[in-house]
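So the chains spell out like this:
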Amino acid sequence: MKLLEINNIKKSFGDLEVLKDISVSVEEGEVVSILGPSGSGKSTLLRCATMLETMDAGTLSYCGEEAVRDVDGRSVYASKHDIKRIMNYFGLVFQNFNLFPHYTVMKNVTDAPIHTQKRDKAEVEQEAKALLDQMGIGDKLDYYPCQLSGGQQQRVAIARALAMNPKILFFDEPTSALDPELTSEILKVLRLLASEKMTMVIVTHEIEFARNVSDRVVFMDDGYIVEQGRPEDVIDNPENERVKAFLNKLSK
Amino acid sequence: MKKQSKSIIAAAVLIGLLIPSTMTACGFENTGTGSLGWFFDVIVQLSAGMWASLELFFLTLIFSMPLGLLVCFMRRSRIKIVGIIATIYISIMRGTPLMLQLLVVYFGPYFLFKTPLSTEYRFYAAIIGFSLNYAAYFAEIYRSGIQSVPQGQYEAAKVLGYTHSQTFMKIIFPQMIRNILPAVTNEIITLVKDTSLAFAIAFVEMFTLAKQISAADSNIMPLFVAGLFYYIFNAVVSSTMRIIENKLDYTKR
Ligand SMILES: Nc1ncnc2c1ncn2[C@@H]1O[C@H](COP(=O)(O)OP(=O)(O)OP(=O)(O)O)[C@@H](O)[C@H]1O
Ligand SMILES: [Mg+2]
């Protein structure tokens, strides 16, 4: 089943056309990496998919439910009520974590499921503990975000997103704000999630990671998807000149 | 923190003992102006004013802090005219002297509607004038506090399904409060001293009384006592605020 389907999305900021015509879909259990040079529109694509930005044209649906449809070439959003329900299908992990600094680790993870999904408190807390254990921070439940390393904060952020039981999880450069030695601990968590068949879309600059973990690599440049396919094809034998140039620059 | 409040109390006691004893040492009589008995008499007289000052202080805080939040919301309103009204209100309140505003609130009804000026209204006018003025300052403090919360907090809240009001109450407001505490402390300390401006509408508070007694007895001591009162009051306010700041500071736990 297609968990995410985006068709012909367009997005401009003023005169700057950032997404020109992008269509992409993600199957259940698939891990998709998005690569591309800085400014190519990767974050904007993720922000449109997670409805943090409104798209100008194109459609967006999750699990076959239409969040954004197309009317005469313009994007039209579903009702507030429908959007609220659809928002439960996905989670987003930010580059700079965006944890709530005034909440403990535990409350960061449990507050939304309890108060926005109205789930049972005891059950959510039990789940959260298991999740944080799995992330290797089960001993930090009562800590505040400022007392944690960047890598630990990002793991809390991942646990927070997972606690909402999303069907698909988006990551926008989850390791870019981290020191190299902390990067590997986050990549380990992502590998673990991939092995559990969590559906993920990951914007990353970690080529090795993208090659090893993703089922599909999408390469973006200048508001378009210029190449996509199996990692061994796109990363090891790219056809597009720009992809070749980008990968060459990185490997140097 | 504990040390601080202890040393403040110690200083207060010391000054309280020092003033009368230096007075006797300097050859003041035991009765009449300048004597110890007179000194305590002054304190008793001043205490009525102290009470009035405290009342003015607390009532102003109770009314101006929520009112400021309302003005802050108005200022951030998506409805343009509401935002403009709030902006004008803030600029007038901050751009004209508080004393003038007190006079307007006190004499305004009299000049407009010829309502008689009562002593009772004097008290209300002081509370209204102070609250209106301080609401404007608090509104600006709140606004800077809200702006200091990073955009990412709103985005995280949105993705996690919080409604607008939940986002404000649970995520933004607590962070805003923490961020504005130092500015609020400043404002409260200013308010302690500003209460003395109520003399402009002949509201009998601490400072007005001290001046009267001082003039009647031709002795400057009552003014010093008033100064001491403000000083101790502010010391209590600062240390209270510091305790609150530490309680709320999640970066220091
Ligand atoms: N809110 C905004 N307002 C105006 N311009 C924006 C906004 N957000 C992004 N842009 C512009 O859109 C373009 C694409 O930005 P985007 O963040 O999507 O790139 P990216 O591929 O994620 O880059 P990076 O790898 O550096 O994160 C950039 O030129 C950026 O300046
Ligand atoms: Mg980006």
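As the structure is a computational prediction, the values presented were derived from the model and not from experiment. (Residues numbered from 1 in each chain as written. Chains lettered and ligands numbered in written order. Predicted model: local features only at pLDDT ≥ 70, side-chain atom pairs only at ≥ 80, totals over all residues. Heavy atoms only, no water.)

Peer 1: Would you mind going over the pairing of strand β10 (residues 216–221) of chain A in detail, with residue names and values included?
Peer 2: Residues and elements named next belong to chain A. Of all six residues making up β10, six are buried, and the element is well covered by its neighbours. Because side chains alternate across β10, one face comprises the buried residues Arg216, Val218 and Met220, and the other comprises Val217, Phe219 and Asp221, equally buried. Here strand β3 (residues 31–35) pairs with β10 via four bridges, running parallel. The partner of Ser33 across the bridge, within β10, is Val217. Of the pairings in the sheet, the one linking β10 to strand β11 (residues 224–229) comprises five bridges and is antiparallel in character. (Buried < 20%, exposed > 50% of the residue type's maximum accessible area, 1.4 Å probe, protein only. Helix = DSSP H or I, 4+ residues; strand = E, 2+ residues; numbered from the N terminus. Pairing = 2+ DSSP bridges.)

Peer 1: Describe the sheet that holds strand β6 (residues 74–77) of chain A, listing the residues and the values that go with them.
Peer 2: All names here are of chain A. The five strands are arranged β2-β1-β4-β5-β6 in an open sheet whose pairing can be described as antiparallel. Here the strands that pair on one side only, and so sit at the sheet edges, are β2 (16–27) and β6. Here the strands of the sheet are splayed against their neighbours by 20 degrees on average, with no regard to which way each runs. Strand direction decides the pairing type here: strand β1 (residues 2–13) and β2, joined by eight bridges, are antiparallel. (Axes fitted to C-alpha atoms, helices over the stretch in contact; angles between N-to-C directions.)

Peer 1: For the environment of A:Gln147, give the residues involved together with the corresponding values.
Peer 2: On the secondary structure map, A:Gln147 appears in the loop between α4 (121–134) and α5 (150–162). Residues A:Gln147 and A:Val105 lie 42 residues apart in sequence; the distance between their C-alpha atoms is 10.0 Å.

Peer 1: Describe the site of ligand 1, naming the residues involved and giving the relevant values.
Peer 2: Residue and element names in this part refer to chain A. The environment of ligand 1 is made up of 13 residues, and the closest members are Ser38, Gly39, Lys42, Ser43 and Thr44. Within the backbone of Gly41, one N or O atom sits 3.0 Å away from an oxygen atom of ligand 1. Thr44 is positioned such that a nitrogen or oxygen atom in its side chain is 2.5 Å from an oxygen atom of ligand 1. If ligand 1 stood free it would expose 630 Å²; the protein chains cover 60% of that surface. For the shell around ligand 1, the secondary-structure elements that each account for two or more residues are β2 and α1 (42–49). Broken down by element, the residue count for the shell around ligand 1 peaks at three residues, all from α1. Partitioning the shell around ligand 1 into residue classes produces four nonpolar, seven polar and two charged. (Near = heavy atom within 4 Å. Polar contact = N/O pair within 3.5 Å; in protein donor to acceptor, adjacent residues only side chain to side chain. Areas by Shrake-Rupley, 256 points an atom, 1.4 Å probe, with all protein chains shown as cover. Nonpolar A, V, L, I, M, F, W, Y, C, P; charged D, E, K, R; others polar.)

Peer 1: If you had to explain the layout of surface pockets to someone new, which residues and values would you point to?
Peer 2: Here the largest pocket is characterised by a volume of approximately 1200 Å³. B:Lys158, B:Tyr162, B:Thr163, B:His164 and B:Thr167 are, among the 35 residues lining the largest pocket, the residues nearest its centre. Breaking the lining of the largest pocket down by element, the ones donating at least two residues are α2 (80–86) and β7 (90–93) of chain A together with α6 (151–159) and α7 (164–194) of chain B. Looking at the lining of the largest pocket residue by residue, the classes come out as 17 nonpolar, 10 polar and eight charged. (1 Å grid on protein atoms, 1.4 Å probe; cavity = no way out; pocket = protein on both sides within 12 Å on 5 of 7 lines; lining within 4 Å. Points joined across faces, edges and corners; volume = space filled by probe spheres on them.)

Peer 1: Can you tell me about a nonpolar patch on the surface, naming the residues and giving the values?
Peer 2: A cluster of nonpolar residues, B:Ile79, B:Ile81, B:Ile84, B:Ile85, B:Ile88 and B:Ile92, forms a patch on the protein surface that exposes about 570 Å² of accessible area. Mapped onto the elements, B:Ile85 comes out in helix α3 (residues 80–95). (Patch = residues over 30% accessible without salt bridge, like charges linked within 9 Å, V, L, I, M, F, W, Y side chains within 5 Å. Salt bridge = Lys/Arg side-chain N within 4 Å of Asp/Glu carboxyl O.)

Peer 1: Describe the nonpolar core, listing the residues and the values that go with them.
Peer 2: All names here are of chain A. Core analysis: the largest hydrophobic core is formed by 102 residues, its most contacted members being Leu60, Tyr62, Ile168 and Phe170. Those residues in contact with Tyr62 that lie beyond four places of it in its chain are Leu3, Leu4, Ala49, Thr50, Ile86, Tyr89, Phe90, Ile168 and Phe170. Core analysis: the second largest hydrophobic core is formed by 36 residues, Leu99, Ile158, Val189 and Met198 among them. (Core = buried A, V, L, I, M, F, W, Y, C linked by side-chain atoms within 4.5 Å. Contact = heavy atoms within 4.5 Å.)

Peer 1: Got a sec to walk through the packing of aromatic side chains? Specific residues and values, please.
Peer 2: A full pass over the atoms with the stated rule returns 20 aromatic pairs over all chains. Their ring planes at 55 degrees and their centres at 5.9 Å tell us that B:Phe123 and B:Tyr124 sit as a pair that is tilted. A relative accessible area of 44% places B:Tyr124 in the partly exposed class. Aromatic pair B:Phe229 and B:Phe233: ring centres 5.8 Å apart, planes at 50 degrees, arrangement tilted. One end of the pair is B:Phe229 and the other is B:Phe233, both in helix α9 (residues 221–248) and four residues apart, which spans about a single turn. Summarising the burial analysis for this pair, B:Phe229 and B:Phe233 share the class buried. Against the face of A:Tyr143 rests A:Lys140, its NZ or CZ located 5.2 Å from the ring centre. (Phe/Tyr/Trp six-rings, centres within 6.5 Å; stacked < 30°, edge-to-face > 60°. Lys NZ or Arg CZ within 6 Å of the ring centre and 35° of its normal.)

Peer 1: Before we move on, can you summarise the sheet that holds β3(A) with the specific residues and values?
Peer 2: Residues and elements named next belong to chain A. Within the open sheet, the six strands sit side by side as β7-β8-β9-β3-β10-β11. Their pairing is mixed. Edge positions in the sheet fall to β7 and β11, since each of these pairs with one other strand and no more. The average angle at which neighbouring strand axes cross in this sheet is 20 degrees, direction not considered. Pairing analysis gives five bridges linking strand β8 (residues 168–172) to strand β9 (residues 199–203), with the strands arranged parallel. Bridge pairing links Phe171 to Ile202 in β9. Where helix α6 (residues 180–195) meets the sheet, its contacts fall on β3, β8 and β9, and the angle it forms with β9 comes to roughly 150 degrees. Along the sheet face, helix α9 (residues 241–251) touches β10 and β11 and points at about 100 degrees away from the line of β10.

Peer 1: Could you give an account of empty space enclosed by the protein, naming the residues involved and the relevant values?
Peer 2: Taken as a whole and assessed by the stated rule, the structure comprises two cavities of 30 Å³ or more. Its volume calculated, the largest cavity comes out at about 80 Å³. What lines the largest cavity is a set of 13 residues, and nearest its centre among them are A:Leu4, A:Val24, A:Ile34, A:Leu45 and A:Val201. Where the lining of the largest cavity is concerned, the elements lending two or more residues are β1, β2, β3 and α1 of chain A. With three residues, the top contributor of residues to the lining of the largest cavity is α1(A). Residues that form the lining of the largest cavity fall into these classes: 13 nonpolar, no polar and no charged. Along its surface, the second largest cavity is lined by A:Leu92, A:Val93, A:Phe94, A:Ala157, A:Arg160, A:Ala161, B:Ala156, B:Val159 and B:Leu160. The biggest single contributor to the lining of the second largest cavity is α5(A), with three residues. In terms of residue class, the lining of the second largest cavity is made up of eight nonpolar, no polar and one charged.

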